[in-house]
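Results of the structural survey
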Amino acid sequence: MPDRYVRFVNSRMGKGLAKRLGLPPAAPLRRYTVGEAEFIASASLGSAPGGTCEAIAKETLTQCDITIRRQSDDDRIDGIFYDASGIRTITDLNELYEFFPAQLRRLNRNGRVVIASAALDDTTESDEAVIVQTALEGFARSLGKEVRPGATVQLIRVPAGAEQHLAAPLRFFFSRRSAFVSGQVVSLDARCTASADGWDLKGQTAIVTGAVGGIGRSTVEVLAAYGAHVVCVDVPAVKSELEKLAQEMNGTAVALDVTSASAATDLAAALPSGADVIVHNAGITRDKTLARMSREQWQTVLDINLEAPRRITNELLNSGKLNSGARQVVLSSVSGIAGNRGQSNYATSKAGLVGLTHALAGPMREREGSVNAIAPGFIETKMTAKMPTMTREVARRLSSLGQGGSSVDVAETIGWLSLPGSRAVNGQTVRVCGQNLMGA
C-alpha cells in the first residue's frame, strides 16, 4: 500500500506545510536496484587518536568505488566513517564533538554514518574505558534521530586483531541494500578464524523456509541473485506456487510441513551436497491476549516459530548436512525484543529465536560458520495493508525513518548475513526496523 504521508511531506506544497505544523520528515528511501550503483558515491573519514580501524575502512570503501573526501572540503557527502576505537576516557569523548558537527552538515539525504568502536572485552584495562565505549551506543542511536531524512547510523564493535573483518559490515552499511537498517550495534566475533572475504553465493546451496510468503519470496530472489541454488521450502498446501517460484529462480521446491516429525530428515534427504545457508523464515501469528488464548493457539505458534527451527538445525548439524562454513539466519521480530499486546505466544517464540542464536554461535564458529537473528519492525505486507488506517499510520511513524519497511529490506539483510565474508558477524540480532522507537 502506498505511503501517502511520505509523498505529501516531500511534495512542493507539503514540505512547507509540514515544516510549519512540525510534522516529522520522511524521505523516500534509496534502495538498491539491479543496474544501479550498489554503494553510496562519497564519504569522509575520521579517527580519534589511537584508532585502529580507519585504514581498513579506507581500503574497503575504495574497493567499493566510494570516493573519499577530505574533512576540510565543503562539498556534499553521502557517508561518514569515524573510528572511535581509540577512545578510552571521558575526556576522549570530546573527539566526537570535534569531528561530527561539520561533517553532519555536509551529509546528504539517504546518507550513511558508521562508527567503529573497540569491543568491550578489549577495554578491561580500566572502568572508564568500558564506560566510554558503552556511551558510544547512546551517541550513535541519538545521532540516528538527528541526521538528515533517510540517513542511517550504525555502531560496529571491533575486537583487537579483527579489523580485517570490518569489511563485511562496511560493505553492507555503506550500500543501498541497508536502506531500512539504522540505530544498530553489531559486534564482530573476536574468535572468528574464517576468511574475511567472499561476496557472492555462486556454487552454494541455500535453504529458505516459508519461501512463498512476502519476506520468503524476496529472500529467495536476493539469494538467487547472489548466485545461490535456492531450496524453496513451504507447506504442501501451496505446492504449485512453490514449484513455480523455484522454477523461476532455477532452484528446487520441497513441499513439507516444518512441524511434522519427519520434516528435518526429509529436508536433509533433499540436500545431496548439503547446505551452505539456511534461512528459518517460516512463521505464523495467532494473536489473542493470554487470558483469551486457546492452548492450540499458544502451542501452534511455538511449534512452528521456535521448535521447528531448533529441531531442523539439530538434524542438519548431526547429519553433516550443514557444510563447513555454513551461515544460518533466523527471523525473530521487534515484538520478541519489546513485547506486544496480544502476542505473548508470538513474542515468546521470537525471543526464543534470539536465544537459539546465542546458543548456536559457539558451535557454528567451531565449524567456521555463523548464526544470526533478524528482527523486522513494521514491514509493508498484505497483512499490514489490512490493518485499521490509524493503527497502520502510527506504526509507520514510530521509527527514525518515519515510514514502514519492505520485504526486500529484510531480504537484503538476510543476504548480507548469508555471505561467506560475513561470518565474523556471529550471534547477533540485527533489527530491520528503521530504528523503531519500540524496544532497545
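Now for a look at the structure at hand. Keep in mind that this is a model prediction, so the values were computed, not measured. (Residues numbered from 1 in each chain as written. Predicted model: local features only at pLDDT ≥ 70, side-chain atom pairs only at ≥ 80, totals over all residues. Heavy atoms only, no water.)

1. Remarks on the packing of aromatic side chains
Condition: Put simply, two rings from Phe, Tyr or Trp (the six-membered ring, in Trp's case) pair if the centres are within 6.5 Å, and we call them stacked under 30 degrees between planes, edge-to-face over 60, tilted for the rest. Burial here depends on accessible area, computed with a 1.4 Å probe over protein chains only, as a share of the maximum for the residue type. Under 20% is buried, over 50% is exposed, and the range in between is partly exposed. Runs of H or I in DSSP of at least four residues are treated as helices and runs of E of at least two as strands, each being numbered from the N terminus.
On inspection of all chains with the given rule, the structure shows 7 aromatic pairs. Ring geometry for F99 and F100: centres 5.0 Å apart, planes at 85°, overall edge-to-face. According to the relative accessible area criterion, F100 is buried, its value standing at 2%. Judged by centre distance (5.4 Å) and plane angle (55°), the ring pair of F173 and W416 falls under tilted. Placement of F173 in helix α6 (residues 167-173) and of W416 in helix α15 (residues 407-418) is noted, with a sequence separation of 243 residues between them. The exposure class assigned to F173 is buried, which follows from its relative accessible area of 1%. Under the relative-accessibility criterion, W416 is labelled buried at 2%.

2. Focus on the pattern of salt bridges
Rule in force here: The rule for a salt bridge is simple: a side-chain nitrogen of Lys or Arg has to be within 4 Å of a carboxyl oxygen of Asp or Glu.
Tallied over the full model, the rule gives 13 salt bridges. A salt bridge links E38 to R177; its shortest N-O distance comes to 2.8 Å. Here E38, found in the loop between α2 (12-21) and β1 (42-47), pairs with R177, found in the loop between α6 and β6 (184-187); they are 139 residues apart in sequence, far enough to count as distant. On the basis of relative accessible area, E38 is assigned to the partly exposed category, the value being 24%. Assessed through its relative accessible area of 11%, R177 is described here as buried. Measuring nitrogen to oxygen at the nearest pair gives 2.7 Å for the salt bridge that ties E307 to R310. One end of the pair, E307, and the other, R310, are both in helix α10 (residues 295-318), 3 residues apart, so they sit about a helical turn from each other. For E307, a relative accessible area of 27% puts it in the partly exposed group. For R310, a relative accessible area of 37% puts it in the partly exposed group. Counted as one network, the salt bridges with shared partners bring together E38, R177 and E412.

3. A closer look at the environment of G150
Rule in force here: Residue contacts are defined here by distance: any two heavy atoms, one from each residue, within 4.5 Å place the two residues in contact.
Examined against the element boundaries, G150 turns out to sit in the loop between α5 (127-143) and β5 (152-158). For the pair G150 and L401, spaced 251 residues apart in sequence, the C-alpha separation works out to 5.8 Å. When sequence neighbours within four positions are dropped, the list of residues in contact with G150 reads A27, L29, N110, G111, R112 and L401.

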